[in-house]
Protein chains: 2
Amino acid sequence: MSITQRSTGSARPRIVVLGGGFGGLYAARALRTAVADVTVIDRTNHHLFQPLLYQVATAVLAPSDIGSPIRHLLRTQRNTTVLMAEVGEIDVARRVVLVDDGREVPYDYLIVATGSRHSYFNHPEWEAMAPGLKSIEDARLIRHRFLSAFELAEKSDDVAERAALMTFVIVGGGPTGVELAGIIPDITRHSFAADFRRIDTGRTRIILVEAGSRLLPAFPDTLSRRAKRDLEELGVEIRLGSPVTNVTADSVSIGDERVATKNVFWAAGNAASPLVRTLGAPVDRAGRAQVLSDLSIPDHPEVFVVGDAAEMKRDDGSLVPGVAQGAIQSGRVAAKNILRLLAGEQTQAFHYFNKGDLATIGRYKAVASFPGFTVAGRLAWWFWLFLHILYLAGFRNRLSVLIEWGYSYFTYQRGARLITN
Amino acid sequence: MSITQRSTGSARPRIVVLGGGFGGLYAARALRTAVADVTVIDRTNHHLFQPLLYQVATAVLAPSDIGSPIRHLLRTQRNTTVLMAEVGEIDVARRVVLVDDGREVPYDYLIVATGSRHSYFNHPEWEAMAPGLKSIEDARLIRHRFLSAFELAEKSDDVAERAALMTFVIVGGGPTGVELAGIIPDITRHSFAADFRRIDTGRTRIILVEAGSRLLPAFPDTLSRRAKRDLEELGVEIRLGSPVTNVTADSVSIGDERVATKNVFWAAGNAASPLVRTLGAPVDRAGRAQVLSDLSIPDHPEVFVVGDAAEMKRDDGSLVPGVAQGAIQSGRVAAKNILRLLAGEQTQAFHYFNKGDLATIGRYKAVASFPGFTVAGRLAWWFWLFLHILYLAGFRNRLSVLIEWGYSYFTYQRGARLITN
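Residues numbered from 1 in each chain as written. Chains lettered and ligands numbered in written order. Predicted model: local features only at pLDDT ≥ 70, side-chain atom pairs only at ≥ 80, totals over all residues. Heavy atoms only, no water.

Q: Help me understand the overall build of chain A in this model?
A: Check the secondary structure of chain A and you find 10 helices and 25 strands. Taking 22 Å as the expected radius of gyration for a compact globule of 421 residues, we find that chain A reaches 22 Å, a close match to that expectation. Oriented by its inertia axes, the alpha-carbon framework of chain A measures out at about 70 × 45 × 40 Å. Out of the 421 residues in chain A, the part that is buried amounts to 59%. When the accessible area of chain A is evaluated, it comes to approximately 16,300 Å², of which 53% is carbon and sulfur surface. Averaging the coordinates of the 48 positive side-chain charges in chain A and doing the same for the 43 negative ones gives two points 6 Å apart. (Helix = DSSP H or I, 4+ residues; strand = E, 2+ residues; numbered from the N terminus. Rg over C-alpha atoms; globule rule 2.2 N^0.38 Å. Buried < 20%, exposed > 50% of the residue type's maximum accessible area, 1.4 Å probe, protein only. Areas by Shrake-Rupley, 256 points an atom, 1.4 Å probe, with all protein chains shown as cover. Lys, Arg positive; Asp, Glu negative; His and termini not counted. Charge placed at Lys NZ, Arg CZ, Asp CG, Glu CD.)

Printed below as a string of structure tokens:
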């Protein structure tokens with residue numbers, strides 16, 4: 001018996017969605033009205049509001065503030081079953097997904113929304129020393145290192161060791177790197193200041209490293225320069241045009257410079273989920289499926305790939321960025337194309353609509369780029385706050401996030417500073 | 001150089017407090033005015049409001065709702081340093097505590113408040129199958145098993161396996177066991193009900209096992225019977241006078257009965273922290289130090305043991321129960337006795353004042369025993385809520401706990417249902 005058959009004799013088409021991130025969740029929601037059996041499979045039980053993951057990594061928010069069970073978010077959708085399972089392989093010839101210890105989930109239509117992991121540019125051995133930030137486990141690991149560094153520094157009598165513990169190197173100048181670098185000074189100068197006796201947490205050193213020539217490469221150049229200036233005012237050291245050449249347990253090499261540090265966090269480079277390769281479709285260098293304009297893969301009109309797992313083109317031929325909006329929009333389009341196929345209609349092409357890009361820089365500052373205009377500073381920050389609360393509104397957590405934020409911002413006290421294993 | 005010397009030439013007496021639980025935290029707070037260098041050492045970075053740990057274990061509250069960094073709670077106390085370190089041994093002859101990899105922390109006065117772990121009655125091998133509930137890690141492990149059981153049941157096609165996954169056996173009929181058993185039906189019947197498609201979570205089986213003849217042995221007999229009746233109305237099966245005779249990965253034996261279950265949680269029996277034995281003082285069967293009336297140990301008037309780590313007597317000769325009140329009161333008395341010794345005065349005896357006992361049973365029900373009267377039902381529950389918010393008021397988390405609770409109780413939705421590793 002297959003684990004997706006819900007009742008004997010069901011002849012309804014089976015739609016399987018792999019992944020419960022932005023792409024998968026919004027695809028599943030768009031299938032709400034489908035006369036079909038929809039199955040969402042994820043290796044975790046929760047959908048995650050990834051744009052705020054850096055606040056979990058720095059102990060501002062608790063994991064449950066930005067995550068909700070996928071099955072809970074889809075509970076009113078009676079045509080949809082959620083399974084927590086590890087997907088090992090997709091067999092497009094037989095139209096089955098192999099999960100867990102080899103059980104088979106058959107499908108008539110498939111949406112692959114398995115996202116991406118960080119890429120270490122042919123240095124997978126760096127990952128252990130320089131964790132990335134994609135999942136709750138990642139955020140908890142970074143939080144553990146971030147909080148433990150100050151505990152160890154407080155105990156240490158060795159000046160060099162203390163300095164290495166209190167030096168944070170963030171690799172990657174995109175939004176995640178910028179937001180992570182920008183929030184740390186706020187925490188170390190204010191929230192931590194009164195708590196320690198032997199160290200001055202205000203003297204924490206933060207270095208943001210970017211291989212390219214400017215921060216936030218997806219933003220207009222004026223905002224890149226603004227972000228750099230704002231971060232420098234917060235005391236963050238910025239290294240542009242500086243590729244990382246080595247990472248060890250107690251140092252990072254930036255070009256020819258060797259910086260002693262116990263804390264390297266990775267926010268650079270993406271590689272699509274390895275599951276994508278099992279489709280047998282053409283992939284780009286980052287392992288993303290090179291989808292057709294309707295988001296299906298060549299020769300398999302029943303298989304769609306969306307979000308970070310796909311190489312999707314904009315109307316001008318440039319790539320759709322790996323952000324939440326891209327995943328949400330492509331997830332919806334793939335779902336609607338399946339609805340069209342079920343109705344005997346033609347699929348339609350995906351057109352990405354850029355609603356704008358936002359990144360916060362510490363407390364009360366942000367940069368925002370919208371089609372036609374840009375905003376920076378305090379106004380952009382309020383805009384960022386408003387938009388994030390609006391997007392979080394699909395979840396139960398918005399009130400508790402708002403309170404944590406309010407508390408953090410107005411008292412300089414931080415919320416979720418537990419070191420656990 | 002010792003890690004507690006803060007400035008060269010300091011001749012102030014050194015007071016070391018081991019443990020940042022109720023005993024240690026309230027001892028440290030009572031030393032606020034001491035002209036001394038106070039050092040609090042804990043292997044974690046946080047104080048925990050343990051009476052609510054069962055709500056973290058069942059995903060109602062997030063870990064950070066009931067925990068706060070010890071150093072943050074003591075941040076305004078300028079004579080106090082907090083160290084996160086593992087204490088390996090106490091050398092009372094040399095008056096040093098050995099921490100981490102053998103570093104020495106010297107003391108003039110010592111308060112041992114290291115609490116207790118669960119006791120498995122000479123079956124330590126049961127611990128892996130039947131986790132207890134003392135720390136955030138414990139709660140997270142139980143939460144992981146609790147949430148995963150339903151995920152696995154939803155995937156399973158094997159009727160017997162499903163039944164074993166949906167059977168929860170709680171060992172121990174004290175407050176923790178009663179509260180854990182009472183909250184599960186509420187969650188499985190309401191919060192989970194709409195989320196699953198293939199299982200009926202309302203049919204979850206909950207068995208509460210107590211070796212003694214009644215639940216809540218520290219409470220008056222009428223409340224024990226009331227708790228039993230209330231739990232049975234919630235569908236909990238109660239086995240009194242039923243010692244557990246074996247625990248395996250997929251069963252528990254209660255007397256001669258073997259129950260197939262994947263979920264055994266342990267809330268029975270305490271054993272004092274093994275550190276207590278390194279004091280060389282007499283200990284009772286549970287490993288607790290047999291302290292003198294002023295809470296010091298024989299021959300060492302400078303060493304005090306408090307809370308769960310000590311066998312403390314009431315005025316009538318009976319033992320002080322291992323509850324928060326006992327730890328708080330004894331911690332304060334030990335601290336005040338040190339202040340007296342510093343002032344050249346005599347120490348005073350500890351007199352436990354029983355402020356009352358409370359246990360909740362599911363939603364809106366509780367039993368409460370106060371000197372002279374008892375209360376049960378809804379009134380007791382409001383009393384419980386009021387008292388817990390009052391006690392949590394020392395922390396930043398009270399508002400967020402109140403919101404989580406309010407949200408949970410009025411919408412039947414649960415807060416922190418993330419399965420993470």
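Q: Honestly, the sheet that holds strand 23 (residues 357–360) of chain B in this entry has me stumped. Any pointers?
A: Backbone hydrogen bonds hold the strands of a sheet together, and the pairing may be parallel or antiparallel. Residue and element names in this part refer to chain B. Judged by pairing direction, the sheet is antiparallel, and its 3 strands sit side by side in the order 23-24-25 without closing on themselves. On the outer flanks of this sheet lie strand 23 and strand 25 (373–377), each paired with one strand and no other. Averaged over all adjacent pairs, the angle separating strand axes in this sheet is 5°, with direction ignored. Across 5 bridges, strand 24 (residues 366–370) lies against strand 25 in antiparallel orientation. The residue bridging Ser369 from the neighbouring strand is Thr374, located in strand 25. Helix-sheet contacts for helix 9 (residues 378–392) involve strand 23, strand 24 and strand 25, and the interaxial angle to strand 25 is about 100°. (Pairing = 2+ DSSP bridges. Axes fitted to C-alpha atoms, helices over the stretch in contact; angles between N-to-C directions. Contact = heavy atoms within 4.5 Å.)

Q: When you look at the sheet that holds strand 9 (residues 109–112) of chain B in this model, what are you seeing that I'm missing?
A: Residues and elements named next belong to chain B. Here 6 strands make up an open sheet; going across it, the order is 5-2-1-9-21-20 and the pairing mixed. On the outer flanks of this sheet lie strand 5 (80–84) and strand 20 (296–297), each paired with one strand and no other. Note: strand 2 (residues 37–42) against strand 5, 5 bridges, orientation parallel. Opposite Thr39, over in strand 5, you have Thr81 as the bridge partner.

Q: Please clarify how helix 1 (residues 22–30) of chain A should be interpreted in this entry.
A: Residue pairs three or four apart in sequence face the same way in an α-helix, which turns once every 3.6 residues. Residue and element names in this part refer to chain A. The element helix 1 is extensively covered by neighbouring structure, given that 7 of its 9 residues are classed as buried. Every buried residue belonging to helix 1 is among Phe22, Gly23, Gly24, Leu25, Tyr26, Ala27 and Ala28, and all of these are buried. Buried residues in helix 1 make contact with strand 1 (14–18), strand 2 (37–42), strand 3 (46–48), helix 3 (70–73), strand 9 (109–112) and helix 8 (324–342).

Q: Got a minute to help me understand unusual backbone geometry in this structure?
A: Trans peptide bonds make up most of the peptide bonds, and negative phi angles are found at most residues other than glycine. All names here are of chain B. Here the phi dihedral of Arg95 falls at roughly 55°; this positive angle occurs in a residue that is not glycine. Note that Arg95 resides in the loop between strand 6 (87–91) and strand 7 (96–99). A positive phi angle, close to 50°, is found at Asp100, a residue other than glycine. Here Asp100 shows up in the loop between strand 7 and strand 8 (103–106).

Q: How should the packing of aromatic side chains be read in this particular structure?
A: Two descriptors summarise a pair of aromatic rings, namely the distance from one centre to the other and the angle between the planes of the rings. Counted under the stated rule, the structure contains 34 aromatic pairs over all chains. Between the aromatic rings of Phe146 of chain B and Phe192 of chain B, the centroid separation amounts to 5.8 Å while the plane-to-plane angle is 35°, which identifies the pairing as tilted. Of this pair, Phe146 of chain B sits in helix 4 (residues 136–155) while Phe192 of chain B sits in the loop between helix 6 (175–191) and strand 12 (205–209), and the two are 46 residues apart along the sequence. Phe192 of chain B carries the same exposure label as Phe146 of chain B, and that label is buried. Note on Tyr364 of chain B and Trp381 of chain B: the rings are 5.1 Å apart at their centroids and 70° apart in plane angle, and the pair reads as edge-to-face. Taken together, the residues span a long stretch of sequence, with Tyr364 of chain B in the loop between strand 23 and strand 24 and Trp381 of chain B in helix 9 at a distance of 17 residues. By way of ring pairs, the aromatic residues Phe146, Phe150, Phe168, Phe192, Phe196 and Phe265 of chain A are connected into one cluster. (Phe/Tyr/Trp six-rings, centres within 6.5 Å; stacked < 30°, edge-to-face > 60°.)

Q: What is the right way to look at the pairing of strand 11 (residues 167–171) of chain B in this model?
A: Note on strand geometry: in a regular strand, side chains alternate between the two faces of the sheet. All names here are of chain B. Strand 11 sits mainly inside the fold: 5 of its 5 residues count as buried. Residues of strand 11 alternate between two faces, with Thr167, Val169 and Val171 on one and Phe168 and Ile170 on the opposite face, all of them buried. Taken together, the 5 bridges between strand 11 and strand 12 define a ladder with parallel strand orientation. When the sheet's bridge partners are listed, Val169 is paired in strand 12 with Ile207. Taken together, strand 11, helix 6 and strand 12 constitute a β-α-β crossover, and its handedness is right-handed. Note: strand 11 against strand 17 (residues 263–266), 4 bridges, orientation parallel. Residue pairing across strands places Val169 opposite Val264, the latter belonging to strand 17. (Right-handed = clockwise from strand over helix to strand, strands pointing away.)

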